[in-house]
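The lines below spell out each chain.
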Amino acid sequence: EAGVAQSPRYKIIEKRQSVAFWCNPISGHATLYWYQQILGQGPKLLIQFQNNGVVDDSQLPKDRFSAERLKGVDSTLKIQPAKLEDSAVYLCASSLGYAGVTYEQYFGPGTRLTVT
Amino acid sequence: GNSVTQMEGPVTLSEEAFLTINCTYTATGYPSLFWYVQYPGEGLQLLLKATKADDKGSNKGFEATYRKETTSFHLEKGSVQVSDSAVYFCALSDDAGGTSYGKLTFGQGTILTVHP
């Protein structure tokens, strides 16, 4: 079974530039998550999709971050414009996920973003 | 809100030593509890989980017991190996009210280094 795929693996940009990350979840997984992991901290949820609808985006900085999930499968996370404090690893995860039921989340390898 | 607190600072042990990594939590409902592991250069992997009070999760020689009275989920292993060197994250998923789709709240992570 193929795992969660993410690209690119690494990205270096200058502040005020834009960047996009792509995620392909495990086939059949309804729920998709984007987490931000700053060095030395645990991952923090940015946005959560159930199929192609947003379930939780309460911690997404909406003035600069956006995300979409096309046809309930692949997802793209965008930052525009980037700030120095956005330097982090961006993790995508997926799960079977239904309301009130806890399923295991499977994580991708992450995209390491450095903003200079 | 929900939060997870792990013991601070890296842990350094000799091979075959006993390991304990402390984890306490705060949650509004009845959370499920998890330990995730991140090996060098790899993505997050689920190590073990417990979904209700007094449950014991176990995997690869690691164990953790869900203690509701002390709101704790400490990770233990009787004899660590060099290959256990990794970052360990405690996490919770609070499905109170059946409205959550498994959102995880993570602790800050504990770096474990095991020397031969």
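A. Spatial organisation of the overall build of chain A. Helix and strand counts for chain A stand at zero helices and eleven strands. For chain A, the α and β elements follow one another from N to C terminus as β-β-β-β-β-β-β-β-β-β-β. Against the globule reference of 13 Å for 116 residues, chain A gives a C-alpha radius of gyration of 13 Å, in line with a compact fold. Along the longest, intermediate and shortest principal axes, the C-alpha atoms of chain A span 40 × 30 × 30 Å. Here chain A, with 116 residues, has 47% of them falling under the buried criterion. Restricting the contact set of chain A to residue pairs at least 6 apart, pairs at least 24 apart contribute 54%. Looking at chain A as shown, the accessible area adds up to about 5700 Å², and 50% of this sits on carbon and sulfur atoms.

B. Here's a closer look at the packing of aromatic side chains. One pass over the structure, following the stated rule, counts twelve aromatic pairs over all chains. Put simply, the rings of A:Tyr33, A:Tyr35, A:Phe107, B:Phe34, B:Tyr36, B:Phe89 and B:Phe106 pair up and form one aromatic cluster.

C. Representation of the environment of B:Thr5. Residues and elements named next belong to chain B. Within the secondary structure layout, Thr 5 lies in strand 1 (residues 3-6). Separated by 33 residues in the primary sequence, Thr 5 and Gln 38 place their C-alpha atoms 18 Å from one another. With residues near it in sequence (within four places) discarded, Thr 5 still touches Asn 22, Cys 23, Thr 24 and Gln 108.

D. Summary view of the sheet that holds strand 8 (residues 62-65) of chain B. Residues and elements named next belong to chain B. Read from one edge to the other, the open sheet built from four strands follows the order 3-9-8-7, with strand pairing classed as antiparallel. Edge positions in the sheet fall to strand 3 (19-21) and strand 7 (56-59), since each of these pairs with one other strand and no more. On average, adjacent strands in this sheet sit at an angle of 15° to one another, irrespective of strand direction. Looking at chain direction, strand 8 and strand 9 (residues 75-77) are connected through three bridges and run antiparallel. Residue pairing for strand 9: Ala 64 is matched across the bridge by Leu 75.

E. Examining the sheet that holds strand 3 (residues 19-24) of chain A more closely. All names here are of chain A. Sheet architecture is open: four strands sit in the order 1-3-8-7, paired in antiparallel fashion. Lying at the two open borders of the sheet, with one neighbouring strand each, are strand 1 (5-7) and strand 7 (65-69). Averaged over all pairs of adjacent strands, the angle between their axes in this sheet comes to 15°, without regard to strand direction. Two elements, strand 1 and strand 3, share three bridges in a ladder whose sense is antiparallel. Bridge pairing links Ser 7 to Trp 22 in strand 3.

F. A look at the pattern of salt bridges. Under the definition given, this model contains six salt bridges over all chains. Residue A:Asp57 pairs with A:Lys62 through a salt bridge whose shortest N-O separation is 3.8 Å. Two residues, B:Asp84 and B:Lys77, come together in a salt bridge whose shortest N-O distance is 2.8 Å. There is no split in this pair, since B:Asp84 and B:Lys77 are both buried.

G. Molecular detail of the state of the cysteines. Applying the stated criterion to the full structure yields two disulfides over all chains. Paired by a disulfide, A:Cys23 and A:Cys92 hold their sulfur atoms 1.9 Å apart. Where A:Cys23 bonds to A:Cys92 through sulfur, the torsion about that S-S bond is close to -70°, and the disulfide is left-handed. Placement of the pair is A:Cys23 in strand 3 and A:Cys92 in strand 9 (residues 88-95), with a sequence separation of 69 residues. Classification of A:Cys23 as buried rests on a relative accessible area of 0%. The disulfide that involves B:Cys23 links it to B:Cys90, with 2.0 Å between the sulfurs.

What counts and how
Residues numbered from 1 in each chain as written. Chains lettered and ligands numbered in written order. Predicted model: local features only at pLDDT ≥ 70, side-chain atom pairs only at ≥ 80, totals over all residues. Heavy atoms only, no water. Helix = DSSP H or I, 4+ residues; strand = E, 2+ residues; numbered from the N terminus. Rg over C-alpha atoms; globule rule 2.2 N^0.38 Å. Buried < 20%, exposed > 50% of the residue type's maximum accessible area, 1.4 Å probe, protein only. Contact = heavy atoms within 4.5 Å. Areas by Shrake-Rupley, 256 points an atom, 1.4 Å probe, with all protein chains shown as cover. Phe/Tyr/Trp six-rings, centres within 6.5 Å; stacked < 30°, edge-to-face > 60°. Pairing = 2+ DSSP bridges. Axes fitted to C-alpha atoms, helices over the stretch in contact; angles between N-to-C directions. Salt bridge = Lys/Arg side-chain N within 4 Å of Asp/Glu carboxyl O. Disulfide = S-S within 2.5 Å.

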